[in-house]
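# Fold and contact review
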Amino acid sequence: MLYKFWQEALEYKETIIGIILGVILLSLFVILPLFFTANPYQTSLNIFSPPNSKSLLGTNDVGQDIFSRLIVGGQNSLRVALGVGIFSTFLAVGIGVWSALAGGLIDNLLMRMVDILLVIPNIIIIIIISAYVSPTILLEIIIISLFTWLVGARVVRAQVLSIKERTYVYAAALFGAGPFYLFLKHLLPELIPLMLTLLLQGMRRAVFIEAGLAFIGVVNPNVISWGSMISQSLNYYYLDVWKWWLLPTAGALSLSLISLTLIGYGLEEALISSSERGKTIAADS
Amino acid sequence: MKQREKLFTYVATLLFIIILNFLLPRLMPGDPFLAIYGEEAALTLSAETKQELIAQMSLDKPLWIQFGAYLHSLFRGDLGYSYALNAPVSSVIAGVLPWSALLVGSALILSTLLGFVLGVESGWRKGSRSEKLILFSIIGISGLPSFLIGVIFLLFFAAQLDWFPLGGALTPYSDFTGLTLLQDILKHLFLPAMALSLTQLSEILLLTRASMLTNLSSPYVHTAAAKGLKPLGIRYRHAGRNSLLPVSARLGVSVGSALAGSLFIEIVFAYPGMGDLLHQALLNRDYPLLQGIFLTIAVTIILANFLADKIAWRIDPRMREE
Amino acid sequence: MLQIHDLHLSFGDKEILKGIDLELNKGEILAVVGESGAGKTTLGLSLGGLIGRENPAAGRCQKGGQAKGRILFQGQNILSLPEEELRKLRWNKISFVFQNVPNALNPVLPILEQVAEPYWVHELGTRSRAKERARKMLEQVHFPQAKNLNYPHELSGGEIQRALIAMALINEPELLVLDEPTASLDPLTRREIAKLLTKVTQNCAVLLITHDLSLASVLSTRVAVLYKGRILEEGSTEKVLQTPQHPYMRALLRSYPHMSTSKDLQSINLTLEEPLQGCAFRPRCSQAIEACARSSPPLLEFNLSLGAKLKENPAAQRPLNIASKVACHRGGIIPYLVAHRLAKHYDQNFALQETSFIIFEGETVALVGQSGSGKSTLAKLIIGLEKADQGKVLLEEEKVPFPRDQKFLRRVQIIFQNPYEAVNPKMTIGEIVEEPLVIQKIGQEKDRQDKVLRVLEEVGLPKSDAFLQSYPGTLSGGELQRLVIARSLILEPKLLVADEPTSALDALVQARILKLLMELQEKRGLGMLFITHDIALARKIADRILVIENGVIVEQGLSWEIITRPRHPYTKRLIEAAAAI
């Protein structure tokens with residue numbers, strides 16, 4: 001199931017390009033730090049230094065090594081991405097499945113809650129909360145996850161509802177299968193492609209939101225982030241320093257986001273086309 | 001969703017936002033007064049005024065009484081007082097609202113029109129080389145946060161090429177009037193509006209395109225072709241018109257996301273709207289202002305959703321029944 | 001007005017239309033009938049140039065596909081006309097009434113606007129004049145005036161269909177393509193729409209695409225039968241629907257429930273086999289010969305051959321007013337057995353006076369009459385148990401000798417009235433069934449045993465050794481008759497002469513045996529001469545009925561016609577006397 005889905009996703013050029021881009025970025029982040037090591041927090045009097053053999057991207061306004069900050073920022077982005085991706089997918093699947101299987105009042109309440117939370121864009125709510133708690137990475141993961149599972153839960157619920165109504169599920173139930181068996185055998189495998197898609201999209205959204213929060217300055221100031229690097233460097237656009245401070249950071253952020261977006265798009269298209277094919281098969285039989 | 005259910009959702013959303021706003025500062029560890037008024041206030045206020053304020057907000061009473069007091073002041077239109085700016089929050093916000101409306105409004109119109117037309121054309125030409133390329137780049141751009149696009153625009157078109165001003169909404173200390181004033185406003189508006197609409201474009205384009213693909217294989221489109229309509233007529237009068245429905249149904253969401261995007265864009269371009277104000281409030285830890293902005297944005301989005309629903313009902317005859 | 005020459009249309013490597021030739025003139029209504037997937041809709045769309053043309057500017061609403069051949073409309077080839085020229089033809093000259101599916105009309109435009117649209121798009125007048133005209137058209141089709149400005153979702157199926165018709169007629173087209181115009185309507189509305197269509201289509205040529213045979217019969221003047229992209233039969237509506245020439249069309253009619261049918265519904269071999277060459281219908285055909293596997297038969301003028309020689313017996317074959325065409329290597333359903341001027345008398349008394357009739361391949365003909373009417377005599381003459389005084393019997397167009405040779409007896413078998421007497425009680429069941437093979441010296445011992453088992457299974461009898469070793473004395477009447485049928489099937493005959501095969505059986509058993517015979521007909525294309533005194537029974541199983549009285553066939557025709565409109569007093573009496581509950 002997963003393999004077939006993956007094959008299908010790879011039929012979209014977007015997926016392949018996204019993966020290639022992602023692999024290149026990741027390998028740069030692994031290889032380059034081997035040659036350029038510096039303490040990202042260490043300030044010095046050598047400010048606005050252009051790139052040189054010691055520091056690949058020079059130094060910033062307080063003399064910190066930009067490249068090592070870029071690397072740590074990337075690592076933090078990745079942490080947030082993975083954390084939010086997993087946590088919000090978990091929430092989406094949990095609540096979506098619960099809502100679909102429970103039905104009735106619980107379903108109604110949960111879905112109404114989703115409706116309500118979706119009216120105001122999640123980034124705005126996350127900003128106001130972050131403004132008060134000034135989160136570090138773990139807290140950031142939790143806050144972002146709490147407001148990014150909504151659409152996923154809706155999709156999961158719809159999927160579960162449609163699977164639940166399929167004749168073979170009824171048939172299995174009539175053979176005497178219990179709910180646990182039905183869930184493991186008939187429901188979960190069908191949800192795995194969707195979960196993978198949600199994971200990827202959750203990761204993308206996390207990087208996106210994390211950068212935004214850091215840019216606007218509501219994250220804990222001790223956390224190194226691409227977003228805050230961009231907003232700091234923007235203050236010195238009139239100096240040449242943007243070429244090795246702003247540009248590489250913006251580039252790293254853009255490329256990571258584009259990579260994740262493309263993979264997510266490819267997965268989603270594959271998901272849609274496979275579910276449409278499922279429909280035609282159902283219509284034929 | 002039926003109209004009544006939607007209305008319920010909006011009311012509930014408003015309630016949720018108010019409760020969140022009320023609880024956030026009060027759940028913070030430490031002195032709630034500090035969390036509500038910010039450090040600036042603590043430094044400038046005398047002990048008596050402080051006591052007075054505590055009494056006024058019932059901060060020494062149980063939570064539910066505090067909530068009552070909070071609601072009471074909200075209903076009187078009192079959003080609090082910004083001690084950092086030394087002005088009532090409501091008047092500070094009212095001062096920046098027009099600029100935000102201008103930016104968000106123009107970006108929305110631009111992105112909706114452009115996204116719709118591009119979506120129609122891209123659906124019509126599905127699979128062609130140029131369409132694939134455009135789609136690919138649009139998807140790529142759609143993943144970028146608005147501030148990033150803003151930064152790139154600012155760097156190239158303002159800082160490097162010097163085609164547009166670096167920031168603000170007006171040239172400071174100039175006494176332009178009439179046409180020159182309008183020109184000045186547009187010049188300052190151009191880059192932020194373009195950046196913002198670019199981030200909004202992809203969603204509308206993809207939505208229109210997906211809808212076009214369904215509609216183009218609909219029987220009435222076949223009929224239109226058989227009727228001898230020119231391709232343009234088939235595309236816009238029939239397939240396009242129907243593809244407008246999902247776009248209009250999503251208008252409310254679009255307003256929300258454009259508004260969210262504008263917060264960042266305004267910071268980049270120092271455009272004196274809500275985003276810029278939010279940035280200042282964050283820098284100054286000006287909590288009353290922060291709360292006021294949050295509430296205003298939420299109410300605006302809810303109202304926009306409500307209006308957007310009305311428009312969608314107007315456009316789609318099938319929804320009018322309900 | 002419209003000529004289609006050798007039209008081929010394919011999507012990718014899937015060929016939908018495989019050489020269509022059709023002609024349509026003003027005032028004619030040609031119905032193209034066939035099952036779903038036959039290519040009917042594709043054919044209709046190709047007439048508007050909506051399909052099968054290279055047309056990159058037109059986007060996705062054109063389905064594409066590659067066409068070969070010519071579609072000449074008033075001398076212009078639609079397949080090669082420049083797009084702009086074609087656009088002017090569309091709806092002005094060639095318009096469509098599409099199927100009333102969801103979204104047949106644009107959901108966000110009011111009805112009036114959609115009906116008016118073709119008028120101003122083609123610059124026949126201003127928009128307001130177009131609306132004026134649309135209003136008139138809608139009135140003409142009895143569309144409720146109050147709903148002119150409503151949207152499609154507010155209308156009933158019948159109203160939408162009316163709007164679609166008004167829309168199609170607004171530019172006064174010369175060719176109208178109706179694609180399933182009454183599908184998805186309830187029966188009463190369907191009738192109203194059919195009536196309306198007859199009224200409004202008088203001034204144009206109409207191509208009616210439908211799978212609804214009764215609609216075709218009500219509306220059309222000619223019918224073309226489409227099967228897997230080929231036309232198998234074409235002719236006047238009456239001719240094709242009453243006396244189909246192609247086995248496929250006969251099967252279609254047999255499977256179609258309509259009020260004038262009396263016989264039970266029957267299907268035809270269902271197969272997924274797609275022949276790469278030869279006749280597309282061959283895998284399902286019961287009269288296929290070698291030539292059918294080699295090449296696809298052309299659509300040719302139907303040659304009556306033997307049938308034509310029987311002009312003296314007009315009831316056997318309806319007169320052909322309009323040239324009728326059939327695509328079949330065997331010239332359509334073959335007359336399998338022809339009885340030509342047979343007569344027989346015993347001691348000066350005529351048992352049978354000069355009698356002629358035809359049994360077509362796969363057809364069931366019931367010979368109905370009282371005892372002593374000569375029906376058993378006729379059966380005996382045909383099978384060769386007695387010698388006719390005069391006349392001849394032709395089997396597959398060849399005269400059969402008397403006494404009958406083994407070749408004849410392999411193809412024609414008889415089932416007797418009394419199964420108890422039809423088997424030798426001293427033989428085991430296995431021996432009884434095998435006997436004809438032994439007699440005809442067919443096959444080895446092993447093959448014969450296989451065949452025995454196969455026919456026993458076919459008639460629903462057990463195949464166990466114990467059963468084969470047992471004697472028929474233990475069997476019930478119904479089982480015995482099955483045994484007799486199995487025995488006659490083992491020679492793989494194409495025609496069964498059944499002489500009152502169920503008269504000795506209970507009604508319940510009789511029903512089972514009749515079902516079995518019908519099934520065999522479906523599977524093997526078995527023809528039957530069914531001899532009975534019971535006209536109620538004949539009505540249920542026969543395609544045609546011959547009524548015989550005192551050695552004379554007094555009336556013959558299609559079963560339902562004989563039953564609903566008997567002409568001869570004797571037939572009337574038989575019907576009156578038939579069992580009624």
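All values derive from a computational prediction rather than experimental measurement.

## Here's the deal with empty space enclosed by the protein
All names here are of chain B. A complete count under the given rule lists 7 cavities of 30 Å³ or more for this structure. Contributing to the lining of the second largest cavity are Gln200, Glu203, Ile204, Leu207, Val247, Arg250, Val253, Ser254 and Ser257. Only helix 8 (178-216) and helix 11 (251-269) provide two or more residues apiece to the lining of the second largest cavity. The dominant element in the lining of the second largest cavity, judged by the number of residues it contributes, is helix 8, at 4 residues. Among the residues making up the lining of the second largest cavity, the classes are represented as 4 nonpolar, 3 polar and 2 charged.

## So, the packing of helix 6 (residues 129-142) of chain B against helix 8 of chain B
Residue and element names in this part refer to chain B. At a closest axis distance of 9 Å, the pairing of helix 6 and helix 8 adopts a crossing angle of 130°. The angle between helix 6 and helix 8 places the two elements in the oblique class. Helix 6 and helix 8 meet at a crossing whose hand is left-handed. Residue-level inspection shows Glu131, Leu135, Ile138, Ile139, Ile141 and Ser142 of helix 6 in contact with helix 8, the latter providing Leu198, Leu201, Ser202, Leu205, Leu206 and Arg209.

## Considering the environment of B:Arg241
Positionally, B:Arg241 belongs in helix 10 (residues 231-249). For B:Arg241, a relative accessible area of 36% corresponds to the partly exposed category. Each C-alpha atom, one on B:Arg241 and one on B:Asn215, is 9.6 Å from the other, the two residues being 26 residues apart in sequence. Aside from chain neighbours lying at most four places away, what touches B:Arg241 is B:Tyr236, C:Val108 and C:Leu109.

## Section: the packing of aromatic side chains
Residue and element names in this part refer to chain B. Counted under the stated rule, the structure contains 16 aromatic pairs over all chains. Between Trp99 and Tyr271 the ring centres are 6.1 Å apart and the planes differ by 90°, which places this aromatic pair in the edge-to-face class. Residue Trp99 is located in helix 5 (residues 89-124), and its partner Tyr271 is located in the loop between helix 11 and helix 12 (274-284); the two are separated by 172 residues in the primary sequence. With relative accessibility at 21%, the residue Trp99 sits in the partly exposed group. Taking the centre distance of 5.4 Å and the plane angle of 85° together, the rings of Phe153 and Phe157 count as edge-to-face. Note that Phe153 and Phe157 are positioned in helix 7 (residues 146-160) at a spacing of 4 residues, about one turn of the helix.

## What about the interface of chain B and chain A?
Of the residues lining the interface, 51 residues belong to chain B; the matching set on chain A comes to 40 residues. Taking both partners together, chain B and chain A bury about 4100 Å²; carbon and sulfur atoms supply 83% of that area. A salt bridge links B:Glu5 to A:Arg112, with the shortest nitrogen-to-oxygen separation between them at 3.3 Å. Inspection of the chain B/chain A interface yields 3 residue pairs in polar contact (both at pLDDT 80 or more). For the side of chain B that touches chain A, the secondary structure elements donating two or more residues are helix 1 (3-27), helix 6, helix 7, helix 11, helix 12 and helix 13 (287-315) of chain B.

## Topic: the confidence of the model for chain B
Residue and element names in this part refer to chain B. For chain B, mean pLDDT is 85; residues scoring 70 or higher make up 97% of the total. Averaged pLDDT values for the elements of chain B fall to 71 in helix 2 (residues 32-44) and rise to 91 in helix 5. Interface confidence for the predicted complex, given as ipTM, is 0.86, next to a pTM of 0.78.

## Focus: the domain arrangement of chain B
Residues and elements named next belong to chain B. What the domain assignment reports for chain B is domain 1 (3-78) and domain 2 (97-315). Measuring from the centre of the C-alpha atoms in domain 1 to the corresponding centre in domain 2 gives 34 Å. Facing 19 residues of domain 1, the contacting portion of domain 2 comprises 14 residues. Together, Gln3, Tyr10 and Asn21 form the three largest contributors to the area buried by domain 1 at its contact with domain 2, with a combined 38%. Here domain 1 is connected to domain 2 by 1 salt bridge. Across the salt bridge formed by Asp309 and Lys6, the nearest N and O atoms sit 3.4 Å from each other. Mapped onto the side of domain 1 that touches domain 2, the elements with two or more residues apiece are helix 1, helix 2 and helix 4 (63-75). When residues in the side of domain 1 that touches domain 2 are grouped by element, the largest group, 11 residues, is from helix 1. Grouping the amino acids of the side of domain 1 that touches domain 2 by side-chain chemistry returns 13 nonpolar, 4 polar and 2 charged.

What counts and how
Residues numbered from 1 in each chain as written. Chains lettered and ligands numbered in written order. Predicted model: local features only at pLDDT ≥ 70, side-chain atom pairs only at ≥ 80, totals over all residues. Heavy atoms only, no water. 1 Å grid on protein atoms, 1.4 Å probe; cavity = no way out; pocket = protein on both sides within 12 Å on 5 of 7 lines; lining within 4 Å. Points joined across faces, edges and corners; volume = space filled by probe spheres on them. Helix = DSSP H or I, 4+ residues; strand = E, 2+ residues; numbered from the N terminus. Nonpolar A, V, L, I, M, F, W, Y, C, P; charged D, E, K, R; others polar. Axes fitted to C-alpha atoms, helices over the stretch in contact; angles between N-to-C directions. Parallel < 35°, antiparallel > 145°, perpendicular 65-115°, else oblique. Left-handed = near helix turned anticlockwise from the far one by under 90°. Contact = heavy atoms within 4.5 Å. Buried < 20%, exposed > 50% of the residue type's maximum accessible area, 1.4 Å probe, protein only. Phe/Tyr/Trp six-rings, centres within 6.5 Å; stacked < 30°, edge-to-face > 60°. Buried area = accessible area lost by both parts, 1.4 Å probe. Salt bridge = Lys/Arg side-chain N within 4 Å of Asp/Glu carboxyl O. Polar contact = N/O pair within 3.5 Å; in protein donor to acceptor, adjacent residues only side chain to side chain. pLDDT = per-residue confidence, 0-100. Domains from an automatic or database assignment.

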